[in-house]
Amino acid sequence: MNKKKKGKIFDAFAIFIAFLSLGFNILLLYNISKTPETKDPTPVEPVVNKHTYTKKELGEYFKNYQTKSNLAQPDQIVLWDVDQITYRGFFKNTEKKLYYITEKFTCVSGNSCITASGVQTDKKYDYKTTFVVAIDFSDKYDLKYEILDYSIEESLDFVQDEIYDLE
C-alpha cells in the first residue's frame, strides 16, 4: 500500500503543477494583451539613410518628374539619358540633398523637347544640360524635386558635403 499511496501523491502533485502552470500562462497572456504597445526605444534614422539611390533610379525619377511637370515632352525626344548625377551636400534641418544632374538628349527634328537653361550642343547627342536639383527625401515613396541655380550653394542653409558621383 505504501507504493500505491506514493503513486497517488505523485499523481496529485503532477496535476497540481499542471494546473499551476496553466494558471501562470493564462495570467501571462492576460497581462500581454492588456499592456499597451510601446514604440521601439531605438531612434528612427531619417529616410535618406535607409535607402541609397543609384544613378539609374534617381535619373528615372527625375525624368518622370520632368514629364509630370511639363518640363519635358517624351514624345518629342529621340534619345534621353541621365549622364551623371553628382551629390553636392544637404540643407540644414531638412531631408533635402543637392545634386547636379547632367542629361544628354536628342529632340525630334525642329522641336523643343526639354525646358532647360544652359543647354550645350554635343557631338554624340544634340543637347547636353545640367540641372541643379534639391531632392526632398522625407517620403521615400514620393520624392520632391526643386530645380534651382548654382547660387543655392551660397545659402546659409546649405552645407557642402563630400562631393561624389552616383553609380
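Cut-offs used in this document
Residue positions are counted from 1 within each chain, in the order its sequence is given. Per-residue local features are limited, in this predicted model, to residues with pLDDT of at least 70; the limit for side-chain atom pairs, both in listing and counting, is 80 or more; totals at the level of whole chains, interfaces and linings are taken over all residues. To obtain the side-chain values, all non-hydrogen atoms of the structure were included, while hydrogens and water were left out. Nonpolar side chains (Val, Leu, Ile, Met, Phe, Trp, Tyr) within 5 Å and like charges within 9 Å form the patches, drawn only from residues with over 30% relative accessible area and no salt bridge. Here the accessible surface of atoms and residues is derived via Shrake-Rupley with a 1.4 Å probe, and residues count as covered only by protein chains that are part of the display. Here, a salt bridge means any Lys or Arg side-chain nitrogen found within 4 Å of an Asp or Glu carboxyl oxygen. For the purposes of this entry, the term helix denotes a DSSP run of H or I that reaches at least four residues, the term strand denotes a run of E that reaches at least two, and both are numbered from the N terminus. Put simply, a disulfide is two cysteine sulfurs that come within 2.5 Å. Relative accessibility decides the category of a residue: with a 1.4 Å probe and only protein chains considered, values under 20% of the type maximum give buried, values over 50% give exposed, and everything between is partly exposed. By definition, two strands form a pair when at least two bridges between them are found by DSSP. Cavity means a closed set of points on a 1 Å grid over the protein atoms alone, one where a 1.4 Å probe fits but cannot get out, pocket means an open set with protein on both sides within 12 Å along at least 5 of 7 lines, and lining means a residue has an atom within 4 Å of a point. Grid points are joined across faces, edges and corners, and a volume is the space filled by probe spheres set on the points. Under the scheme applied, nonpolar residues are Ala, Val, Leu, Ile, Met, Phe, Trp, Tyr, Cys and Pro; charged residues are Asp, Glu, Lys and Arg; polar residues are all the others, including Gly. Buried Ala, Val, Leu, Ile, Met, Phe, Trp, Tyr and Cys residues that are joined via side-chain atoms within 4.5 Å together make up what is termed a nonpolar core. By definition in these notes, contact holds between two residues if any of their heavy atoms fall within 4.5 Å.

## As for a nonpolar patch on the surface
- Residues F13, F16, I17, L20, F24 and L27 make up a contiguous nonpolar surface patch of about 620 Å² in total accessible area.
- Inspection of the secondary structure assignment puts L20 in helix α1 (residues 2-34).

## A closer look at unusual backbone geometry
- Backbone geometry places N70, a non-glycine residue, at a positive phi of 60 degrees.
- Within the element layout of this structure, N70 appears in the loop between α3 (55-68) and β1 (77-91).
- The phi angle at N93 is positive, at roughly 60 degrees, despite the residue not being glycine.
- Looking at the secondary structure, you find N93 in the loop between β1 and β2 (96-107).

## Considerations on the state of the cysteines
- The full count for this structure, using the stated rule, is 1 disulfide.
- Linked covalently through their sulfurs, C107 and C113 form a disulfide whose S-S length is 1.8 Å. Between C107 and C113, the disulfide has an S-S torsion of -65 degrees and is therefore left-handed. For the pair C107 and C113, one class covers both residues: buried.

## Focus on the pattern of salt bridges
- Across all of its chains, the model carries 5 salt bridges by this definition.
- For R88, the salt bridge goes to E153, with nearest N and O atoms at 3.2 Å. Highlighted residues: R88 in strand β1 and E153 in the loop between β5 (144-148) and β6 (158-165), separated in sequence by 65 residues.
- On the basis of relative accessible area, R88 is assigned to the buried category, the value being 17%.
- Salt-bridge contacts for E146 lead to K96; the nearest nitrogen and oxygen are separated by 3.0 Å. With E146 in strand β5 and K96 in strand β2, this residue pair connects regions lying 50 residues apart in the sequence.
- We classify E146 as partly exposed; its relative accessible area is 35%.

## Some points on the pairing of β1
- Bridge count between β1 and β2: 11 bridges; the pairing is antiparallel. In the strand pairing of β2, T86 is matched with Y100.
- From the end of β1 to the start of β2, which pair antiparallel, there are 4 residues, and N93 there has a positive phi angle of about 60 degrees.
- Direction of pairing for β1 relative to β6: antiparallel, over a ladder of 5 bridges. By the bridge assignment, F91 is partnered in β6 with F158.

## Considerations on the layout of surface pockets
- Quantified by volume, the largest pocket comes out at close to 200 Å³.
- Lining the largest pocket are Y53, Y61, N64, Y65, K68, K140, Y141, D142, L143 and Y145.
- Among the elements that make up the lining of the largest pocket, the one with the highest residue count is α3 (4 residues).
- A class-by-class count of the residues in the lining of the largest pocket yields 6 nonpolar, 1 polar and 3 charged.

## Digging into the nonpolar core
- The biggest cluster of nonpolar side chains holds 22 residues, and the ones touching the most others in it are L58, Y99, I114 and I135.
- Per-element tally for this core: the top contributor is β1, with 5 residues.
- Beyond its immediate stretch of four places on either side in the chain, Y99 contacts L58, I85, T86, Y87, F131, V132, V133, I135, F137 and L166.
- In this structure, F91, L98, Y100 and F158 belong to the second largest nonpolar core, which totals 7 residues.

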